Each structure stands twice: as structure tokens, then as C-alpha cells.
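The residues making up each chain are set out below.
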Amino acid sequence: MDIQKENRPTLNKAVGSFGFFSLAVGSMIGVGWVTAMGSWLQQAGPIGAILAFIVGGGLMLLIGLCYAEVTSLLPVAGGEVAYAYKSFGVGKSFLIGWFLTFGYLSVSAFEAISVGKVVSFLIPNIDQWPLYSVAGDPVYGSHLLLAGGFTALITLINFRGVKDAAILQTWLTFIFIGCTLIFIVAAFFSGHLSNLTPAFAQPGFGSIKGILAVTVTIPFWFVGFDTIPQSAEEANESISYRKLGILIIISILAAISFYIVLILATSMLGNREAMFESDLATAEAFRIALDSPFLVNTILLAALIGLLTSWNGFFLAGSRVLFAMGRGKIMSKAFGKSHSKFKTPATAVLFSGIVTFSAAFLGRGAMLAFVNVGSFCIALAFAGVSLSFLKLRKTMKKERPFRTPGGKLTGYLAFLGGLAILLIMAIPVSPAALQWPLEWMILITFSLLGLIFWTASKKERNKVSEKERDYLILENFGEDE
């Protein structure tokens, strides 16, 4: 069968270097540094939390190196979907793509729930119209309206085009960097190193347990560098394939530095116990220590901006994974349609918006569940990419624009790290295991939904020849030179 170029839906090529960097770093930073700081310090202590981010960040760097090589080799939309397809075929490609989609959309849902929490600190009277409770936390009608409004905005921006999404991300990232520099410098000048003691939350084995509990959530806080592979097909002419790989590594190093510096700065202010009780621990630490409404509002503004950059980046990435699976007719081809005017994955974008807003109805009581289940799904995808990296090293002999230092050893270490996180979260006796019933029910529900999508698409999937699917997913990048 001759495959005509016009049969492959395409996306607009409009993202430059800083656009990619902003997408990646903005997605990784998010709002967790405000909402989760208290739990990090309560579980691990300041030095324990820093160690967790060094260990977890190191693992993310190994995984990022695997991404960097395969992204430069196969710079097409959907990233992991293409790598798994080229390495292991249709079934494994769907498995990785489906769980990665949930990982991305769980972050999007986390942001939709968080927006009400952040805005409620800026506007204290925003908690209106309590409707019901989830895990003891009330769900307010006003928060659902906020979630709906912001979800509609993010959906509209991504529906209209990647150029608009990248421009928004770039400006928001500039503003975020300016805000964070203000309050981090203030913390270092006003804080004291003596406040870092006790360095660990618990003595002896308890400290290891606390560090481990934070470490297993690292994939959730660092996922975002892979927005670059997801949107690699949308790079403009100024971006070389090698530069895509380099940008992945730079963005991970930037995020590691940010988290470590922020944990250190916040901990130096003291008042650790007060942070444990606060929904926005970082802002609470500054409020008590410095009594500066300006700095607190700066933190809240940065948190809101970080929320939007993370939300925008993951929304974009999740829709690209769905688009890649739909375009390759691995699942319903409706997801693989490109808008005739905006050249965006319109159906995938709208679907992502509906799922995000629906998840907001679970409220604050589900936030930790989304973090943990999302981390599990993302770790699964990361382990899959490491295996794809190892497989493609054997099967694709073409020149790589970016070659991973350490070669296969880096791939094996990345896979073992991802596998370790999966086992720690899946084994019931583990101190960081997924909790029954909410977390396991979310994971089981999404797995069953994936099975339904896979089964429903079987007839359509079987109509596509291998040659046609190769072109739809990989274009001409899957061919050896």
C-alpha cells in the first residue's frame, strides 16, 4: 500500500528553544512546592527532604538521558508512544501511552483542585457553597467554578494552537522566576542554619522511611521534562534534534536546583510544626517568620503562576499522547484528528479538558491520591522508556543526534530505578504503598477504562497495515539510514 503524506494529520511547528525550556521547567515546578512542603518536612525533615530530591532527581536525570537520545532519534508527537511502538509493538505502546495519559491528567486534575486552595488564600472569602465531602475535606461550589473557568481557559489556549500555549508558558515562566528570586533571597538573608535541626524528621530507621516516602513521589514532582518529547514534532526550524535532547537535561538540572534551594530556604525560616498544619506550608513559613504580607502575596502569586505553567504543560503533553495513539490508530482514530485551521489535536484537547474538570469534583480529599497514583503511572512509563532506549540501541543502527553518556548502563540504572519505585508503591507492606481504597480504586478504574478503550478499538486497529501504522506514528524517522 502506498501511504500518501496527506493521510497523516500534522501539527503546527511553532515552538522555539525557550518555549521548550519553559514548557519543561514550568511543568515540573507547578504548585507542589507550596502545597506539599509541609508533608516533605514532616516525613523526612529538611536534610532528609533534600536527600530525597537529590536521589530522586538523580534518577530523573538518568531517565532524562534515555529520553534525550530517543527523542533526538524519533522526534515525533507522543514521545513514549512512538518509542514503545518501535521497540515492542502496538500492545506495549498502548499500555505505556494509556498510563502516561493518566499520569499527565492526574497532574492536570491536581492543579484543577489546587486552584481553589491557592485563590482562597489570596481571597479568604472564596470558600462558598459547601456541597459534600471527600475524605473529610469539603468540596465548595465556588472552587468548582474556579476549576471550571481555569480548565476552560487552558483548554481554549491549547485548542487554538501550540504557539499560543508556548507564548503563555514563556511569559508566565519569566514572571515566576522573578517572584521566586524575591522571596528566596529574603529567606536566605533572614533565616538561620540552626533551624535546619533536627535534620531528619525521625531518628534511626524512621529517617530512612521518611526519605523513602518523599522519594517515591519524585516522579510526580519532576514529570514535565517529557513535555519536550511529547511536542518534539512541533519544534520550529531553529531547533536541531540534538538540541531537543540537551534541553531535556538542562530542564531537569534546573528543577533539581529549584527544589533543593527552596527546601533549604524555607527550612531556614523555622516554624516547622506550623507548616505541618497549613495547606500552603511555604507561605505560612514566610508569614510567621517575616510578617511580610508582600512576601506572602508574592509566594501566592508565584504559586498561582506555577500552577498555570504546570497545568498548561501537562495538558499539552497529555493531549499529544492521546493524539499519537489516535493518529496511529492504536485506539479510536477520533483522537488523532488535527484541527483544519489551528493544526491542534482538537478531540484529544477537549477530552483532556472534560477529564480534568470531572476530577475536580473529588476535591482536596483526593489530592494526595492523585499525587500517588499519578507517580505510579508515570514511573511505569519512565521504566518503559528506559526499556525502549535499551531496545532501540540494539535495533536502530542510524546515527543518534544525541548520544547518552554511559550508554546501556545508564538505561539499566534508569529502568531499575523506575522498577524500584513501582515495587515500593505496589507492595502493601511498603511504607510508601498505594492506599486502599481510594488510591487503588482510582488506579483500577482507570485501568478498566483503558481495557474498554483497547477492546472497543480492536476492529478499527486491525484494519491498519503495519506499513501504514509505521508511517502514521513514526513518519520517516523509524527507518534506518
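Residues numbered from 1 in each chain as written. Predicted model: local features only at pLDDT ≥ 70, side-chain atom pairs only at ≥ 80, totals over all residues. Heavy atoms only, no water.

With respect to helix 20 (residues 466-474)
So, step 1. Within helix 20, the full set of buried residues consists of Glu468, Arg469, Tyr471, Leu472, Ile473 and Leu474.
So, step 2. Buried residues belonging to helix 20 abut helix 4 (80-88), helix 5 (90-122), helix 14 (293-327) and helix 19 (458-462).
So, step 3. Directly beyond the C-terminal end of helix 20, a positive phi value near 55° is found at Glu475. (Buried < 20%, exposed > 50% of the residue type's maximum accessible area, 1.4 Å probe, protein only. Helix = DSSP H or I, 4+ residues; strand = E, 2+ residues; numbered from the N terminus. Contact = heavy atoms within 4.5 Å.)

A few points about the packing of helix 5 against helix 14
Between two packed helices, the angle of one axis relative to the other and the distance separating the axes together describe the packing.
So, step 1. Two elements in contact, helix 5 and helix 14, have axes separated by 8 Å at closest approach and are oriented at 155°. When the interaxial angle is binned, helix 5 and helix 14 end up roughly antiparallel. Our pair here, helix 5 against helix 14, has a crossing hand that is left-handed.
So, step 2. A per-class count over the contact of helix 5 with helix 14 returns 22 nonpolar, eight polar and one charged. (Axes fitted to C-alpha atoms, helices over the stretch in contact; angles between N-to-C directions. Parallel < 35°, antiparallel > 145°, perpendicular 65-115°, else oblique. Left-handed = near helix turned anticlockwise from the far one by under 90°. Nonpolar A, V, L, I, M, F, W, Y, C, P; charged D, E, K, R; others polar.)

Some words on the layout of surface pockets
A probe as big as a water molecule, rolled over the atoms, marks out the empty space that is left.
So, step 1. Taken as a whole, the second largest pocket spans an internal volume of roughly 320 Å³.
So, step 2. Forming the walls of the second largest pocket are 15 residues, and the residues nearest its centre are Phe102, Val355, Phe370, Ile442 and Phe446.
So, step 3. Every element with two or more residues in the lining of the second largest pocket is listed here: helix 5, helix 15 (346-359) and helix 18 (438-456).
So, step 4. Sorting elements by how many residues they give to the lining of the second largest pocket places helix 18 first, with five residues.
So, step 5. For the lining of the second largest pocket, the per-class residue count stands at twelve nonpolar, three polar and no charged. (1 Å grid on protein atoms, 1.4 Å probe; cavity = no way out; pocket = protein on both sides within 12 Å on 5 of 7 lines; lining within 4 Å. Points joined across faces, edges and corners; volume = space filled by probe spheres on them.)

Regarding the pattern of salt bridges
So, step 1. In total, this model carries six salt bridges according to the counting rule given.
So, step 2. A salt bridge links Arg393 to Glu69; the shortest N-O distance between them is 2.7 Å. In this pair, Arg393 sits in helix 16 (residues 367-395) while Glu69 sits in helix 3 (residues 37-73), placing the two residues 324 residues apart along the sequence.
So, step 3. We classify Arg393 as buried; its relative accessible area is 18%.
So, step 4. Note that Glu284 is salt-bridged to Arg287, the shortest N-O span being 2.8 Å. One end of the pair is Glu284 and the other is Arg287, both in helix 13 (residues 281-290) and three residues apart, which spans about a single turn.
So, step 5. Judged by its relative accessible area of 16%, Glu284 is buried.
So, step 6. In the salt-bridge network here, residues are joined through shared partners; they are Glu69, Arg393 and Arg400. (Salt bridge = Lys/Arg side-chain N within 4 Å of Asp/Glu carboxyl O.)

Considerations on the confidence of the model for the chain
So, step 1. Taken as a whole, the chain shows an average pLDDT of 85; of its residues, 96% reach a score of 70 or greater.
So, step 2. Of all the helices and strands in the chain, helix 12 (residues 272-276) carries the lowest mean pLDDT, 75, while helix 11 (residues 241-268) carries the highest, 92. (pLDDT = per-residue confidence, 0-100.)

Looking at a nonpolar patch on the surface
So, step 1. Side chains of Phe18, Ile167, Trp171, Phe174 and Ile175 sit close together on the surface and give an oily, nonpolar patch of about 530 Å² of accessible area.
So, step 2. With four residues, helix 7 (residues 162-190) is the largest single contributor of residues to the nonpolar patch.
So, step 3. In this fold, Phe174 is placed in helix 7.
So, step 4. Classification of Phe174 as partly exposed rests on a relative accessible area of 49%. (Patch = residues over 30% accessible without salt bridge, like charges linked within 9 Å, V, L, I, M, F, W, Y side chains within 5 Å. Areas by Shrake-Rupley, 256 points an atom, 1.4 Å probe, with all protein chains shown as cover.)

Things to note about empty space enclosed by the protein
So, step 1. Per the counting criterion, the structure on display carries three cavities of 30 Å³ or more.
So, step 2. In this structure, the largest cavity spans a volume of roughly 110 Å³.
So, step 3. Contributions of two or more residues to the lining of the largest cavity are made by helix 5, strand 2 (137-140) and helix 6 (141-160).
So, step 4. The residue inventory of the lining of the largest cavity, partitioned by class, reads eight nonpolar, three polar and one charged.
So, step 5. Counted as a void, the second largest cavity has a volume near 60 Å³.
So, step 6. The wall of the second largest cavity is formed by 14 residues, among which Gly30, Glu111, Phe220, Trp221 and Ser310 lie closest to the centre.

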